Amino acid sequence: MTHVIEVSNVNKIFGKNDTRLQVLDNACVEISKGEFVSLMGPSGSGKSTLLYLIGGLDREFEGSIKVAGEEITKLKESKLSELRLKKMGFVFQFYNLVQNLTVEDNILLPLTAQGKSKASLENDLKEILEITGLTSKRKVMPAKLSGGQQQRVAIARALLGNPEIILADEPTGNLDSKASKEILELFKHINEEKGVTILQVTHSDEAASYSNRIVRLNNGKIVG
């Protein structure tokens, strides 16, 4: 199997001298194309930090991280931005929607901001609205949606452009149990039907049960 994420001997330290805190300690993990992996561990174990490093959202670390065959430490910022746009989708606990834009405009925003026209994205948009169950909500404003529906918009936004990888940080952490189940079933569908690799950070055993594999972190170390 092809590894789409390779983390080798990654160390991450916050602060200096007396405030020095090692958040990741020689972390190593490989994730194959098409896997659905849950990253688990106690609060403060380095889960979200590792996810952000893999996504190139934080570049200050020691070690090596390869994403889709690219060594991200060696990429210029412009190339890293291109890699994120074409290969990765991000889903966070808080949906990060633009409140004065409709559902469809929120989904289209990352690509229209890059100069692509709405007309050229219409077919992809229709497919993603159908997959995420948002077809009837495309002209609705975020304030009119439930939390689960807003997270669906965030997932749809992450899917537009057909990324190889979705990185999700506590994607159900702000939802009730019914909405959480719906979101996790949607992730499972995306993983199985579209072959998208998913790495989710979660503290929930139920959320992790939807994945193929669990990677555990404790005190910055991969322990299983």
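Reading guide: rules and limits
Residues numbered from 1 in each chain as written. Predicted model: local features only at pLDDT ≥ 70, side-chain atom pairs only at ≥ 80, totals over all residues. Heavy atoms only, no water. Salt bridge = Lys/Arg side-chain N within 4 Å of Asp/Glu carboxyl O. Helix = DSSP H or I, 4+ residues; strand = E, 2+ residues; numbered from the N terminus. Buried < 20%, exposed > 50% of the residue type's maximum accessible area, 1.4 Å probe, protein only. Pairing = 2+ DSSP bridges. Phe/Tyr/Trp six-rings, centres within 6.5 Å; stacked < 30°, edge-to-face > 60°. Right-handed = clockwise from strand over helix to strand, strands pointing away.

Draft legend 1. Seen up close, the pattern of salt bridges. Per the counting criterion, the structure on display carries 16 salt bridges. Between Glu 104 and Lys 118 there is a salt bridge, with the nearest N and O atoms lying 3.4 Å from each other. Here Lys 118 lies in the loop between helix H3 (103-112) and helix H4 (122-131) and Glu 104 lies in helix H3, a separation of 14 residues in the sequence. What makes Glu 104 buried here is its relative accessible area of 3%.

Draft legend 2. Seen up close, the sheet that holds strand S2 (residues 21-32). Within the open sheet, the four strands sit side by side as S2-S1-S4-S5. Their pairing is antiparallel. Each of the sheet's edge strands pairs with one partner strand only, and the pair in question is S2 and strand S5 (70-71). As paired strands, strand S4 (residues 62-67) and S5 are joined by two bridges and run antiparallel to one another. Bridge pairing in S5 links Val 67 to Glu 70.

Draft legend 3. Seen up close, the packing of aromatic side chains. Evaluation of the coordinates by the stated rule reveals three aromatic pairs. Ring centres of Phe 36 and Phe 187 lie 6.4 Å apart, and the angle between their planes is 65°; this geometry places the pair in the edge-to-face category. Placement of Phe 36 in strand S3 (residues 36-40) and of Phe 187 in helix H6 (residues 177-194) is noted, with a sequence separation of 151 residues between them. Given the relative accessible area of 0%, Phe 36 is considered buried. Ring geometry for Phe 90 versus Phe 92: centroids 6.2 Å apart, planes at 5°, classification stacked. A residue is classified by how much of its surface remains accessible, and Phe 92, at 22% relative accessible area, is partly exposed. Each residue in the set Tyr 52, Phe 90 and Phe 92 is aromatic and connected to the rest through ring pairs, giving one cluster.

Draft legend 4. Structural view of the pairing of strand S7 (residues 165-169). With five of five residues buried, S7 is to be regarded as a mostly interior element. Of the two faces of S7, both are covered, the one formed by Ile 165, Leu 167 and Asp 169 as well as the one formed by Ile 166 and Ala 168. One ladder, built from five bridges, connects strand S6 (residues 88-92) with S7; its direction is parallel. Considered in S7, the bridge of Val 91 is made with Ala 168. Sheet analysis places S7 next to strand S8 (residues 197-201), joined by five bridges and oriented parallel. Paired with Leu 167 across the two strands is Leu 199, which belongs to S8. In this view, the connection linking S7 to its parallel neighbour S8 by way of H6 has right-handed handedness.

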